[in-house]
Amino acid sequence: MVLRPLVTSIGAALTVTALSASAAAADDDVQDQPSDHYSVVARGETLFQLYERALLPGPDGALVVSRRVAPINQYLSLRVQDIDAIGHKDSLDVELSAWGGVHLGELDNGDGVAREHRLDGDVQSANVRYHQGQTWLRLGRQAFAGGAARYARFDGLAVGSRLDVGLGAEAYGGLSVLPRWNQQIGYQQLGSAQDTLLRNPDALEDPNRTGYWLAGARLFYDKGPLSAGASFHEQHENSELAHRNVGADAHWQPSDKLAVGGNGIFDLDGSRLADARAWVDATPHYLVDLTGEFTHTVPAAFLSHQSVLSVFSTDSFDEVGGGFTLHAMPRLALEGNGFIELFSDGERGSRGDAEVRWSPDRPERTMIIVAYGRVIAPENGYHSLRTSLRRRIVRPLTATAEAYLYFYDESIRGIDTSSVYAGTLGYAVLPELSVLWGASVARSPYAKSDVQSLVRLSYLFGGRGGT
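On a predicted model such as this, the values are computed, not experimentally measured, just so you know. (Residues numbered from 1 in each chain as written. Predicted model: local features only at pLDDT ≥ 70, side-chain atom pairs only at ≥ 80, totals over all residues. Heavy atoms only, no water.)

Draft legend 1. Seen up close, the nonpolar core. Of all hydrophobic cores here, the largest spans 8 residues; its members are Trp-136, Phe-144, Ala-149, Ala-152, Phe-154, Ala-158, Tyr-172 and Leu-214. When residues of this core are traced back to their parent elements, those giving at least two are β6 (135-145) and β7 (151-162). Here this core gets 3 residues from one element, more than from any other, and that element is β7. Contact partners of Ala-152, with chain neighbours within four places excluded, come to Gln-142, Ala-143, Phe-144, Leu-214 and His-233. (Core = buried A, V, L, I, M, F, W, Y, C linked by side-chain atoms within 4.5 Å. Buried < 20%, exposed > 50% of the residue type's maximum accessible area, 1.4 Å probe, protein only. Helix = DSSP H or I, 4+ residues; strand = E, 2+ residues; numbered from the N terminus. Contact = heavy atoms within 4.5 Å.)

Okay, here's the thing in structure tokens:
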């Protein structure tokens, strides 16, 4: 399917942060009661889009029918922290995030089959976290990141605790959160045995969530300059094994001038190293920062073992390289890095960039960035140029302007360049109230024009509320 943005992404966002304190009460006895100090952070963002799409030509040169679609999505999030509960002070946190949307326009491609539902939405997270000392428990829809899990979202329970000596453990388990797009109308379920010539996904039975579950745990030590951990993660899909991994990670920082770390994930079912990374950061001189890194990646190992695509994937590859930052002058910095990729089939690639950051005035009211990048890959490569300017015009008014240019070694769909131009204008109406307007224009081999705009209103206030 080809998407041609017409006027894409006109968004409006509202961020509200409330910090509560104790309220004065008329009754002297009420005034003497302990107050509940908690924080509330709420955020809302509305995204408007308008674009034109069409299916690529079908068999025997079938005609392409274009359709215009205008989806409107609303995102909401709420976080309340340090509520007094169960007789303990500042022991309860609540988190909630959700989205809803409506699709306007023509939802079919001339075949009478709708590609989206008119109304849609989902709950991204909804959980309650109880913590006392260095022990915590979280119940509800949540995410667990790091270690053998990499990133897992589920409906269930997670617990953790840490001793004063630095030893700790955490565990989690529950039903996997199934992405709504797995069941959207017209979606090809790649890797499924039922995806061939699939015309009506609604005819398929909804998945039984009891067959989609995950569980894992991590043991760790974290004290002083050393932190290290070992983890395990197992995940099932449709009652069959999807992942069974073990992981290890370590970080050592003997001083503020040296840090060394690494992590790795081993696929037990496939008997292979899925991912590994080792790095070192050093500051041999206060004007110089150095970094070195090595990574090993097997892309297929991140796919579910229940997908046929897990055996047809990009070859594994290794990447090694490093970078530096030179603070040449108080307001001038030079950065550079370079990496070499070694693929399992013997091919090679490389990437690197160089950047100059300069602030010509002492209060740093102006910041100028100029960067050049180069990528060489077996299939294609490109040169890139980036310029950025940030200026605080007067104390409440700031502006930014950026330009990105890409020049491909081999043309893509007959086009050998891409460009992105973006800018923002921010104004602090009050210390608590600010307005930001941004816009961008892009052109690429996949979009003749992509125009986006965003208006954001942010308000920070302190309120008084009682228990």
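More follows now that the structure is in view.
Draft legend 2. Summary view of the pattern of salt bridges. Summed over the entire model, instances satisfying the criterion amount to 18 salt bridges. Salt-bridge contacts for Arg-386 lead to Glu-355; the nearest nitrogen and oxygen are separated by 3.8 Å. On the criterion of sequence distance, the pair formed by Arg-386 in strand β19 (residues 381-394) and Glu-355 in strand β17 (residues 348-358) is long-range, its members being 31 residues apart. Notably, a salt bridge pairs Arg-391 with Asp-361, separated by 3.3 Å at the nearest N-O pair. Within this pair, whereas Arg-391 is found in strand β19, its partner Asp-361 is found in the loop between β17 and β18 (366-376), the two being separated by 30 residues in sequence. One network of salt bridges, with partners in common, ties together Glu-335, Glu-355, Arg-357, Arg-386 and Glu-402. (Salt bridge = Lys/Arg side-chain N within 4 Å of Asp/Glu carboxyl O.)

Draft legend 3. Inspection of the packing of aromatic side chains at higher detail. Taken as a whole, this structure holds 5 aromatic pairs when the rule is applied. Summarising the aromatic geometry, the rings of Phe-144 and Tyr-172 are spaced 4.1 Å apart at their centres and angled 25° between planes, so their arrangement reads as stacked. Taken as a pair, Phe-144 in strand β6 and Tyr-172 in strand β8 (residues 167-176) lie far apart in primary sequence, 28 residues in all. Judged on exposure class, the residue Phe-144 and its partner Tyr-172 are both buried. Put simply, the rings of Phe-144, Phe-154 and Tyr-172 pair up and form one aromatic cluster. Here the basic side chain of Arg-351 rests over the ring of Phe-339, its NZ or CZ set 4.2 Å away from the ring centre. (Phe/Tyr/Trp six-rings, centres within 6.5 Å; stacked < 30°, edge-to-face > 60°. Lys NZ or Arg CZ within 6 Å of the ring centre and 35° of its normal.)

Draft legend 4. Geometry of the pairing of strand β14 (residues 288-297). Here strand β13 (residues 272-285) runs beside β14; their pairing, made up of 9 bridges, is antiparallel. Note on β14: the bridge partner recorded for Trp-279 is Glu-293. Connecting β13 to the antiparallel partner β14 that follows it, the hairpin turn spans 2 residues. Across 10 bridges, the pairing between β14 and strand β15 (residues 317-329) is antiparallel. Opposite His-296, over in β15, you have Asp-318 as the bridge partner. (Pairing = 2+ DSSP bridges.)

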